[in-house]
Each structure stands twice: as C-alpha cells, then as structure tokens.
Amino acid sequence: MSPIWTRKAALLLCTPAALLLGVAPAHAQAGAGTPARVAEAPSTNAMVNLVRLLVAQGTISRTNGDALIAQATQEADLALAAQADAHRAFALVAPQGSLTGTPAASGAALAMIDRPGSSAPAPAEGSATLPPPAAGTIRVPYVPQVVRDQIRDDLRADIMHQARVEGWASPGMSVPEWVKGLHIHGDLRLRSQSDVYSRFNATDVPNFQAIVNSGPLDLLSGAIPFENAVENKYNLLGVRVRLGFDFGVSSSTKIGVELASGNNNAPTSTSATLGNGFYKRNVYLNKAYIEQRLTSNAVITAGRMDNPFLSTDALFNTELKFDGIAAQVSFPHRVFGYADFTLRGGAFPLDFGDQNFPDTATLKQQNHQKWLFAGQILGEVHLGGEANLKLAAGYYFYRNTQGRPSAPCALGFGDTQCSTDWSAPFYVQSGNTLFQIRDIVNSAGQSVDGNQLLGLAEKFHVLNAMAVLKVPVSDKTQFTLLGEYLRNLAFTRNVCGHGEAYEPVNNGGAGGSGNICDPVAAKRTPFVGGGQGFQVLASIGYPAPRQWGEWRAFLGYKYLQSDVVLDAFNDDSFHLGGTNAKGFTLGGSLGLSQGVTGTARWISTNQVSGVPLAIDVFQFDLNVAF
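Small disclaimer: the values here were computed from a predicted structure and weren't measured. Here the residue numbers are simple positions, counted from 1 along each chain's written sequence. Since the coordinates come from a predicted model, pLDDT governs what is reported: local features require at least 70, and pairs of side-chain atoms require 80 or more to be given and counted, while whole-chain, interface and lining totals use all residues. To obtain the side-chain values, all non-hydrogen atoms of the structure were included, while hydrogens and water were left out.

**Notes on the overall build of the chain**
Note on conventions: DSSP H or I runs of at least 4 residues are helices, E runs of at least 2 residues are strands, and numbering of each starts at the N terminus. Scanning the chain for helices and strands turns up seven helices and 23 strands. Each residue is assigned to one of three classes by its accessible area relative to the maximum for its type, calculated with a 1.4 Å probe on protein chains only: buried under 20%, partly exposed between the two thresholds, exposed over 50%. Burial analysis of the chain (626 residues in total) assigns 38% to the buried set. Any two residues having at least one pair of non-hydrogen atoms within 4.5 Å are treated as being in contact. Counting only contacts in the chain whose residues sit at least 6 apart along the sequence, the fraction spanning at least 24 positions is 62%. Where accessible areas are quoted, they stem from the Shrake-Rupley method and a 1.4 Å probe; at the residue level, only the protein chains shown are allowed to cover. Total accessible area on the chain stands at roughly 32,900 Å², and carbon and sulfur atoms take up 61% of it.

As structure tokens, then:
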C-alpha cells in the first residue's frame, strides 16, 4: 500500500477517535443539565473548546460556531438512528454475546461521541466496550466538516504530487514510452602527461610508426624519420570526451551509439592533445551496435562495439573498439555448485582492402581481406562470500596480416603499385618485426631502391590465458591479483625465409655485419625478436572509485617480446605503445566527489631487445563520468 494512503487512513481513523473519546464526559454532563448556550468557562468537551478557539482567533464568527455545533448535533442524531437500526437487526440473528469483543463493536465504541438525547441500545453482555454512558447519553461517530475538508485537500495535493513524479497525472502529458528505454552516459577526462627519456638511450631509433603510417618511404632520399629518444617532453595536456546513448528497443533488443574525441582515427586512443593554435578537435563515431538477446543465456552483438572478451591492455587497449559480430553463450547451471562458464566468440574485419587493385591495371587481383577470428572460454569459481576466481583462455587468429614479398615491379617505369602492396599493415605502434615487401627494379630488371613499403614479418595466432582473483578486504574494498600469459603460436625465427632482400629492418642484436640475413652465416647479426609475454598486476581498494574518499592503489609488471601480439592494438601508454618492452606500473585513484576521480600513474619501461631505450611516463588524470 502506498505510504500516502496509509498515512491518510491513519489520520481518518485516529482523528475522530481522539476528538470523540475526549468529549464523552462533557456530553454526559450536558445531559445532566447543561444549558443549550455553552458558557465561556473552560469545558472538558474538545469540540466546544475547538470551536471556541476558532472563534477567538477570528477564523470563524460566533454565529458560524453555533451553526457548526448545531450541524454536528443533527448529524449525530442521524448516525444514532442508523446505528440503533443496525443493532436491532443484528440482535435478531446473532446469538447472545456475539457482540462481545468483536472488532466492529470495539471500533464503534472508539468512534462514538456522547450526546444527550434518546437512549441507545445496550451492548451485549460481556462486551469489551467503553464504560456505559450516563442515562440519556448516546455515542455517535462524527468528524467535523473542517477536519474532513482539510484531509480531503491534503489527499488531493499528495496524490497530484505523486502523479506528476510518476508521469501519470495526464495521459496526454505522460513520458513517451521510448524515453523510458533511453540511457545516456559519458565521461570527460583531462590528462597531464610527461615523457621522460634516459640519457643513455640510443639516438638512432627509427620511428617505424611514422614510416608505416605515412605510406611509402623514399629510400632514395635517405630521409628516414627517427624517434626522439633523449629529449624529455613535459606537461602534454590532453582531453578525452565520450558521449553514449543506449536504447532498449524491447526487452530483447538494444542499440547503442557513442561519439568520442581524438587526434586522429587511430584505433588505440580517443584523447585529443590541447594547444595546437586553439584549433577545433575532431569527433568520431566510437560505437554503433545492435545487441540481440536470443535467450536468457545467449546474446549476439553486431556493429562497432566494446571489446567482447575478458582481456588486459597487454593484448587490447582499454579504449579499443571491435568491428564485426560477437556472440556469447552462458551455461545456465552452475557446475559442481560453484563454477559458472561462458563461451564467447566473434569474427571481426580488420581491412576489406582495395576493391580495385591494382588501380592502373586492366587485370585485377583477388582481394585479400584481413580478419580477426577469436574465441574464449571463461569460468568463474565462487569461493564463498564475495571472493571469486575468474579463469579465461582465448585464441586470437589474425588472417592475412603478414607481409608478402612482391613480384618485381618497375616503379617509375610503368608501374605505380607492386603486387603485394595490400599486405602492408594498416597501422602499427612499435615493436613488431618489419621487412621491406617491395621488389623494386629498374627498366633493365635490376633491383634498386625506391618508394618502399614495410610489412609484418610474422603471423599472429595468439594464445592468451589469464586468472583474476578477487578477495574482499572489507564491506566495500577488495584485493585483486591478476596473472596473464601470452604466446604467439605462429612465431618463427625463420625471418630470412624470403631471401636476403627481405631481411628484417628491426629487432636485430649486436655484432655481425648488421644484416640479419647475411649470406655468410658467420657475419649475420642475430635476430633477437620473440613471441612470448606475461603480466602480473595487484590492486587494493574500491573496485571503481566514484565517491569522495573512495580509493584504489595498483602495482604491476609487464613483459612483452617483439612479436607476441599485434602491436597496433595494445596499450599506447606502456613504453608509449606497442611491444618489445618490459617494466613496472605504479599508481592510484581517489574519488574527489560524486562521479569525479583523480588518478596518478607512473610507468617505467625498457626495451626488451635491441638498442637501449628506456622511457618513464607520468600521467595525472581528472575524470568526470555520469
């Protein structure tokens, strides 16, 4: 029952009882000889005192007061007659003593007002009612009109307020049905970041991200871009804005759209650097998906969506979104009484390629599309209370991402593209082993330098296994320990399988001629790339600080060899993105107010193999979410 109706019902029942019980003795005295006009001396009759108070305060006149008492007397006489008839009718059919202690009899006794007049039928023998009134006194239920009017007005006001709050005051003005399924969410993050480099770093580290992402590299000019490896960069300010709309079309169908900022359309970050002459920033379509629930245990999502797998930033950046279709099936029954299992999988296109390749040739090539096919099994073991252990094993198969050596192509002598240009990566960060994929020749068929493209030397079939243990420390805080192992099952050290002309351009060790594929084995520079990695991360505190005083601290160590994962998709802060890095992460978060969180993070890394390259990254974030 609504609290409004409960409160008003109590008032309706208790008000007449309090008023009427209090006036019973006074009416008994009135029946003994009190005159019709009430004297101004204090009275034990609550009704009389109430009317006098209203007259004294000028609320009503003396004439209206007398009329009110007269009206009450008349209504009491009518109620008395009705009650007497009811008592007589009941006495004809009820056995003797049936009125004794009945709720109706007791309730009637509590709601009586003593008035002089005709006699009332006596209660049955043994009845648990009020003491018998004096001779000639009757009890009649009565609520003054002014009290009834006040109760009516209060009820009307409360009901209308509730109607406005719940949206049913007027059918034409109620909230549209589609609005009820709409959920708006978003966040804004301000970040100050400093990149600090060791003075012992090498100064001749090629910037492979710039080389690959800018298109063909002109080797004839010798203008190879290099990384800044020794000059510190302080106080780079950036902003990230995300605004999302989720709409429940029905109980089984949902759509979602999210917009986000960014410096460019790179897959790993939605942060936009401030400054740059006050230029306006770009807004991108970050998510657009349809989620269809087939059963209570099966869901399919299609479009551009959040990462559908349980993973860390060693494999996929936390801001990475997936294009394609994903499915999830949960087993409805807990295995052995304490373990839940879920299967997840999906197919995600990475690059549909040029549908008209080569552009200037009359004979076109078959299109080589790049895809990611992935599957994961997830188990959650309930250890009692809030403690649980999650175990996950996933397999991520990348198709057509490895570079392919081209057929000889005479760039500048009739050819504008080479046969395997499609195999060049769409985006890289840093770390993966690269090699030159174009076999450029002159008009005489001799190999020459020219506008070269780089491709990935390795295939990527990544196995990922992880465990996450969560143990409550208090009612609201918990300790979390994460362990993760990654291995590229397709990794091979046969990086010279395509011949000396296609030797890797990075991940070479010290010594030798500098050529990893030197035809003279004694002169070869060793290849130092690898295909394994692991991570350990511990944290304690609130799972997601969002209120003042909520906190979380974390410490982790990560080790990633050069070709353990595709470097295009993992964390862009650890070693400033990519693989071939190892190091620590230390930080903490503190809730500053409702939805406002501050985070400080220190990331200290070194390159696993190759020339010395140590980088410390300091990040200070202020994040507001709703």
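More follows now that the structure is in view.
**Some thoughts on the side chain of Asn317**
For Asn317, the position within the fold is in the loop between strand S9 (298–306) and strand S10 (321–330). Using a relative accessible area of 5% as the deciding quantity, one classes Asn317 as buried. Two N or O atoms form a polar contact when they lie within 3.5 Å of each other; inside protein one atom must be a possible hydrogen donor and the other a possible acceptor, and for residues adjacent in sequence the pair counts only when both atoms belong to side chains. Engagement of the side chain of Asn317 in a polar contact is seen with the backbone oxygen of Asn570, the distance being 3.5 Å. Setting aside its immediate chain neighbours within four residues, Asn317 contacts Thr268, Phe569, Asn570, Asp571 and Asp572.

**Brief notes about the pairing of strand S18 (residues 478–488)**
Residues Gln478, Thr480, Leu482, Glu484, Leu486 and Asn488 line the buried face of S18, whereas the alternating positions Phe479, Leu481, Gly483, Tyr485 and Arg487 sit on a face that is not buried. Strands were regarded as paired on the criterion that DSSP finds at least two bridges between them. Relative to S18, strand S17 (residues 461–472) is paired through 11 bridges, and the arrangement is antiparallel. Its bridge partner being in S18, Lys470 is matched across the sheet by Thr480. Two elements, S18 and strand S19 (residues 532–541), share 10 bridges in a ladder whose sense is antiparallel. Paired with Leu482 across the two strands is Leu537, which belongs to S19.

**With respect to the pattern of salt bridges**
Salt bridges are identified by distance alone: a Lys or Arg side-chain nitrogen within 4 Å of an Asp or Glu carboxyl oxygen. Summed over all chains, the structure comprises 18 salt bridges. The partner of Asp153 in a salt bridge is Arg152, with the nearest N and O atoms 3.4 Å apart. Among the residues examined, Asp153 registers a relative accessible area of 35% and is labelled partly exposed. The partner of Arg189 in a salt bridge is Glu319, and the shortest N-O contact between them spans 3.7 Å. Of the two residues, Arg189 sits in strand S3 (residues 182–197) while Glu319 sits in the loop between S9 and S10, which places them 130 residues apart along the sequence. Arg189 gets classed as buried once you look at its relative accessible area, which sits at 7%. It is possible to trace a salt-bridge network through shared partners that takes in Asp187, Arg189, Arg240, Arg242 and Glu319.

**Some details on the state of the cysteines**
Such a bond, covalent and formed between the sulfur atoms of two cysteines, is termed a disulfide. Pairs of cysteine sulfur atoms within 2.5 Å are identified as disulfides in what follows. One pass over the full model with this rule turns up two disulfides. Between the sulfur atoms of Cys496 and its disulfide partner Cys517 the distance amounts to 1.8 Å. On the sign convention where negative is left-handed, the bridge of Cys496 and Cys517, at about -90° about the S-S bond, is left-handed. Of this pair, Cys496 sits in the loop between S18 and S19 while Cys517 sits in the loop between S18 and S19, placing them 21 residues apart in sequence. On the basis of relative accessible area, Cys517 is assigned to the buried category, the value being 5%. Sequence-ordered numbering of the bonded cysteines in the chain gives a pairing of 1-2, 3-4.

**Observations regarding the confidence of the model for the chain**
Counting all residues, the mean pLDDT for the chain is 83, and 80% of those residues have values of 70 or more. Within the model, the stretch residues 93–120 combines pLDDT values under 50 with 65 contacts to residues more than four positions away or in other chains. For every residue, the pLDDT score states the predictor's confidence, bounded by 0 at the bottom and 100 at the top. Across residues 124–128, confidence stays below pLDDT 50; counting only partners more than four residues off in sequence or on other chains, it has 12 contacts.

**Some points on unusual backbone geometry**
Here the amide bond leading from Phe357 into Pro358 is cis, since omega sits at -10°, within 30 degrees of zero. Positionally, Pro358 belongs in the loop between strand S11 (339–351) and strand S12 (370–384). Phi at Asn235 is positive, roughly 50°, even though this residue is not glycine. In this fold, Asn235 is placed in strand S5 (residues 233–248). The phi dihedral of Phe278 falls on the positive side, at around 65°, and the residue is not glycine. Within the secondary structure, Phe278 sits in the loop between strand S7 (271–273) and strand S8 (282–295). What makes Phe278 exposed here is its relative accessible area of 81%.

**A closer look at the packing of aromatic side chains**
Side-chain rings of Phe, Tyr and Trp (the six-membered ring for Trp) are treated as a pair once their centres are within 6.5 Å; stacked means planes under 30 degrees apart, edge-to-face means over 60, and tilted covers the remaining angles. Applying the stated criterion across every chain yields a total of 15 aromatic pairs. Their ring planes at 80° and their centres at 6.1 Å tell us that Phe352 and Trp371 sit as a pair that is edge-to-face. One end of the pair, Phe352, is in the loop between S11 and S12; the other, Trp371, is in strand S12, with 19 residues separating them in the sequence. A residue is classified by how much of its surface remains accessible, and Phe352, at 42% relative accessible area, is partly exposed. Pairwise contacts between aromatic rings join Phe309, Phe316, Phe322, Phe348 and Tyr396 into one cluster. Cation placement over rings: the criterion is NZ of Lys or CZ of Arg within 6 Å of the ring centroid and within 35° of the ring normal. Against the face of Phe574 rests Lys558, its NZ or CZ located 4.4 Å from the ring centre.

**Let's talk about the environment of Gly412**
Inspection of the secondary structure assignment puts Gly412 in the loop between strand S13 (387–399) and strand S14 (434–436). Gly412 gets classed as exposed once you look at its relative accessible area, which sits at 70%. Note: C-alpha distance between Gly412 and Ile440 (28 residues apart in sequence) is 9.7 Å.

**Some details on the nonpolar core**
Take the buried residues of types Ala, Val, Leu, Ile, Met, Phe, Trp, Tyr and Cys, join any two whose side-chain atoms come within 4.5 Å, and each joined set is a nonpolar core. Counting 33 residues, the largest nonpolar core has Phe316, Phe322, Tyr396 and Tyr398 as its most contacted members. With three residues, the top contributor of residues to this core is helix H7 (residues 208–213). If sequence neighbours within four positions are ignored, Phe316 has contacts with Asn307, Ser311, Phe322, Leu372, Tyr396, Tyr398, Phe569 and Asn570. Counting 10 residues, the second largest nonpolar core, distinct from the first, contains Ala202, Ala229, Ile603 and Val617.

**Details of the side chain of Ser539**
Within the secondary structure layout, Ser539 lies in strand S19. Residue classification places Ser539 among the buried residues on the basis of a relative accessible area of 8%. Ignoring anything within four residues of it in the chain, the contact list for Ser539 reads Gln478, Phe479, Thr480, Arg552, Ala553 and Phe554.

**Concerning the pairing of S19**
In this sheet, strand S20 (residues 551–560) lies alongside S19 in antiparallel orientation, the contact comprising nine bridges. Bridge pairing in S20 places Ser539 opposite Phe554.

**Digging into the environment of Gly508**
Here Gly508 shows up in the loop between S18 and S19. Using a relative accessible area of 27% as the deciding quantity, one classes Gly508 as partly exposed. Along the sequence, Gly508 and Val528 sit 20 residues apart, while their C-alpha atoms lie 5.6 Å from each other. Ignoring sequence-local partners within four residues, the contact set of Gly508 consists of Ile516, Thr525, Pro526, Val528 and Gly610.

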